[in-house]
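Fold and contact review
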Amino acid sequence: MKHNEILEKIAYCIEYGKIDRNSPFPPNLKGQDGAGEYTQMALEKGIRADDVLRMGLMQGMDRVGKKFRENKIFVPQVLMSAKAMNSSMEHLMPFFTSGEIRSKGKFIIGTVLGDLHDIGKNLVSMILKGNGWEVIDLGIDVSSEKFLDALKEHPDSVVGLSALLTTTMANMKETVEKIKDQNSETCVAIGGAPVTREFCDRIGADIYSPDPQGLVDYLNQRYNAG
Amino acid sequence: MNKKQQFEDLANNRNSLAGNLFSPILMHFAARHSGKTYAEFASNYKILVEANIRAMEDFDMDMVSLISDPYRETAAFGAKIEFPAEAVPKCMNKVIGSPDDIRSLAVPDVYRNERTLDRIRGAEEYSRILKGEVPVIGWIEGPLAEACDLAGVSEMLMMLMMDPGSSNLLLDKCTEMAKSFALAQVRAGCDIIGMGDAVCSQVDPDTYGSFVKDRQREIISFVHGLGARVKLHICGDITHLLPQIRETGADIVDIDWQVSPKKAAAALGHETILCGNINPVLIQDKTEEDVYGLTGKFIQEHKDIKLIVSAGCEITVNTPAANLKAMSGAVRDQW
């Protein structure tokens, strides 16, 4: 198999959520190799890890993000794609550790104080990872102080705040204000079902996107990291 | 004509009504409005009933409800629930962690668990106080929502893709539980059963059709057999599911603010009552005058739809009481 064919196989497996040979999903690929095996094959064939990331994993997740934005796929399919991506990523982790692959940047993410929902946050995390960002996931019910502590540890990070409840949007506002007070240059992204562009502008956040791909596009443009 | 007769007229297309009914979803807001914490509201039926009746009177609402949080059935299945004073109750553990857990999961007796029994007692309390003159909405978790409560949202949604057999088994048990809980609430006096299947908006039409729709239809048909009606509540944008939701036979469909009422009415048929769908953030954040205006405009724009006026989802705790009064006033002024 040619190098570009292997990379396309990786992208395809991620796009359709094929984790590995043992995974029964999707049914039409049952018994066939998945993202994990093709990633291993790519590295064994001498394809540079950075190329595997950019031309395999990122290609696949880019397609996933666009299909999700267009309502061609929904959350279960994105979760399966993320699992397939993780299967590939396991093979690439040593190259991140050695510095052979560099991430596009760091992204601190969490669901704001009082909000226990994690599905939106997780989707954004998965799609950002698949697009080459290092994600620092603070979890759910995250206080402003915890976001600020994480920023002290990772000072150049972008920060993403998620809220599913209308009631917790007030906590989002407070956290954005505290982050901006500490460093007005920090880029803050917000998202979640009740959040709107108008709300984003009102509380001084930098970007609101109704879908993860919009955030990816914004970050790629802002940080010239496409 | 009392409120129950008004609702029956709306449901049966009788012409005695010259306007819309008003029935927003209240939980934390109702608790605070009556000076109680959310924890008290969610754990004590007397407080829940008293808070809802007070809200009905203060905001001239046309129905009362037993909705409080998603974890009544989950508690009965064995989860530990904690009640923070001013936040939604928290589920502290996942009941389902493996296919073996699903196989051994027993459908509980709703009369033997404190949380499910509390809601049944609430239905009885409403009957005692309101004497059947106001429609009482009971509440159950829909099959997919309950499965997610038991297994975790991400875990359940991936199980649907990876292990249809286990998914079906769990969904069957959740369906059985929903029917059992609905039966108890109808027997206790509920006229309508609200079925919250919040997560459905996040799944594609094929997955909804394969795993959820027939189970919702089974529950709805069962409730109809008991002589009650069903209000289906799915949070978020359900536009992609509307043609299939029609097949469930739900009498009332809640539509969140992202859904076009005109598209929903066209897809669901004009017999279905829509309940919605003003953005709750606007009701919370706008001025009293603005809320009055946007509610009136909303009613004018949807005069040809069988509608119960409500927010797209729950009225938030921070909504000024004056704004909810303005919303109610706009509904009445359209009569």
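Up top is the structure these notes are about.
Attention in this report is confined to the structure presented alongside it. Predicted, not measured: the structure shown is a model, and the values here were computed from it.

What counts, and where the lines are drawn
- Residues numbered from 1 in each chain as written.
- Chains lettered and ligands numbered in written order.
- Predicted model: local features only at pLDDT ≥ 70, side-chain atom pairs only at ≥ 80, totals over all residues.
- Heavy atoms only, no water.
- Helix = DSSP H or I, 4+ residues; strand = E, 2+ residues; numbered from the N terminus.
- Rg over C-alpha atoms; globule rule 2.2 N^0.38 Å.
- Buried < 20%, exposed > 50% of the residue type's maximum accessible area, 1.4 Å probe, protein only.
- Salt bridge = Lys/Arg side-chain N within 4 Å of Asp/Glu carboxyl O.
- Contact = heavy atoms within 4.5 Å.
- Buried area = accessible area lost by both parts, 1.4 Å probe.
- Polar contact = N/O pair within 3.5 Å; in protein donor to acceptor, adjacent residues only side chain to side chain.
- Nonpolar A, V, L, I, M, F, W, Y, C, P; charged D, E, K, R; others polar.
- Axes fitted to C-alpha atoms, helices over the stretch in contact; angles between N-to-C directions.

To continue, consider the overall build of chain B. Secondary structure assignment for chain B yields 16 helices and 10 strands. What you see for chain B is a C-alpha radius of gyration of 19 Å, in line with the 20 Å of a compact globule of 335 residues. Over its C-alpha atoms, taken along the principal directions, chain B stretches across nearly 55 × 40 × 35 Å. Buried residues in chain B amount to 60% of all 335 residues.

Moving on, we come to the pattern of salt bridges. One pass over the full model with this rule turns up 41 salt bridges over all chains. Salt-bridge contacts for B:Asp62 lead to B:Lys3; the nearest nitrogen and oxygen are separated by 3.5 Å. Of the two residues, B:Asp62 sits in the loop between helix H4 (45-58) and strand E2 (64-65) while B:Lys3 sits in helix H1 (residues 3-11), which places them 59 residues apart along the sequence. The exposure class of B:Asp62 is buried, given its relative accessible area of 3%. Bridged by salt links that share partners, the residues A:Glu8, A:Glu15, A:Arg63 and A:Lys67 form one connected network.

Taken together, the contact between chain B and chain A spans 22 residues of the former and 21 residues of the latter. A buried area of about 1900 Å², summed over both sides, lies between chain B and chain A, and 71% of it is on carbon and sulfur atoms. The largest share of the area that chain B buries against chain A comes from B:Met158, B:Met161 and B:Met162, three residues that together contribute 30% of it. Here chain B is connected to chain A by two salt bridges. When the shortest N-O distance is used, the salt bridge between A:Arg202 and B:Asp285 registers 3.6 Å. Our count for the chain B to chain A interface comes out at two residue pairs in polar contact (both at pLDDT 80 or more). Sorting the residues of the side of chain B that touches chain A by element identifies helix H9 (153-162), helix H11 (205-225) and helix H14 (280-285) of chain B as the ones contributing at least two each. Of the residues contributing to the side of chain B that touches chain A, the split by class is 10 nonpolar, nine polar and three charged.

Cis geometry marks the peptide bond from A:Phe25 to A:Pro26, where omega comes out at -10 degrees. Residue position: A:Pro26 is located in the loop between helix H1 (3-16) and helix H2 (35-44). A cis geometry characterises the amide bond from B:Gly276 onward to B:Asn277, with omega recorded as -20 degrees. Tracing the chain through its elements places B:Asn277 in strand E9 (residues 273-278). One non-glycine residue, A:Asp141, adopts positive backbone phi at about 55 degrees. As for its placement among the helices and strands, A:Asp141 is situated in the loop between strand E2 (134-137) and helix H6 (144-153).

Moving on: the packing of helix H7 (residues 114-130) of chain B against helix H10 (residues 164-187) of chain B. Residues and elements named next belong to chain B. Between H7 and H10, whose axes approach to 9 Å, the crossing angle comes to 35 degrees. Between H7 and H10, the contacting residues are Thr 116, Arg 119, Ile 120 and Ala 123 on the first element and Met 177, Phe 181, Ala 184 and Gln 185 on the second. Looking at the contact of H7 with H10, its residues break down into five nonpolar, two polar and one charged.

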